[in-house]
Amino acid sequence: MRRAGLGEGVPPGNYGNYGYANSGYSACEEENERLTESLRSKVTAIKSLSIEIGHEVKTQNKLLAEMWILQVPGISPVAVKAYFC
């Protein structure tokens, strides 16, 4: 895949360096760092969201189990609370 502007107006031998010819640092490396940081922040957000979803699932499962147990004849609500808390 060709990147737009890569190598245009750059002297031969310095393709992609854009002023960093002696440092060895290229525009591709800059772009990679920028994209890596963007990806890192997205992964962090997804991880936080998945942890929150996990907590919500546990809470909802607990509530559903309590509702189910309360429908069973002969089980007191106090015993249910003691079991789930």
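See the structure shown above.
Throughout what follows, the structure given in this document is the object of discussion. Everything quoted here is computed from the prediction, not taken from an experiment. (Residues numbered from 1 in each chain as written. Predicted model: local features only at pLDDT ≥ 70, side-chain atom pairs only at ≥ 80, totals over all residues. Heavy atoms only, no water.)

**Examining a nonpolar patch on the surface**
Residues L49, I53 and V57 make up a contiguous nonpolar surface patch of about 260 Å² in total accessible area. In this fold, I53 is placed in helix α1 (residues 27–71). Look at I53 and you get partly exposed, because its relative accessible area is 46%. (Patch = residues over 30% accessible without salt bridge, like charges linked within 9 Å, V, L, I, M, F, W, Y side chains within 5 Å. Areas by Shrake-Rupley, 256 points an atom, 1.4 Å probe, with all protein chains shown as cover. Salt bridge = Lys/Arg side-chain N within 4 Å of Asp/Glu carboxyl O. Helix = DSSP H or I, 4+ residues; strand = E, 2+ residues; numbered from the N terminus. Buried < 20%, exposed > 50% of the residue type's maximum accessible area, 1.4 Å probe, protein only.)

**Concerning the pattern of salt bridges**
When the charged atoms of two side chains with opposite charge come close together, those side chains can pair. Overall, the coordinates contain one salt bridge when judged by the stated rule. Its salt-bridge partner being E37, residue R40 comes within 2.9 Å of it at the nearest N-O pair. Of this pair, R40 and E37 both sit in helix α1, three residues apart, roughly one helical turn. On the basis of relative accessible area, E37 is assigned to the partly exposed category, the value being 44%.

**Details of the environment of T59**
The residue T59 is located in helix α1 in this model. At 3.0 Å, the side chain of T59 and the backbone oxygen of H55 are in polar contact. (Polar contact = N/O pair within 3.5 Å; in protein donor to acceptor, adjacent residues only side chain to side chain.)

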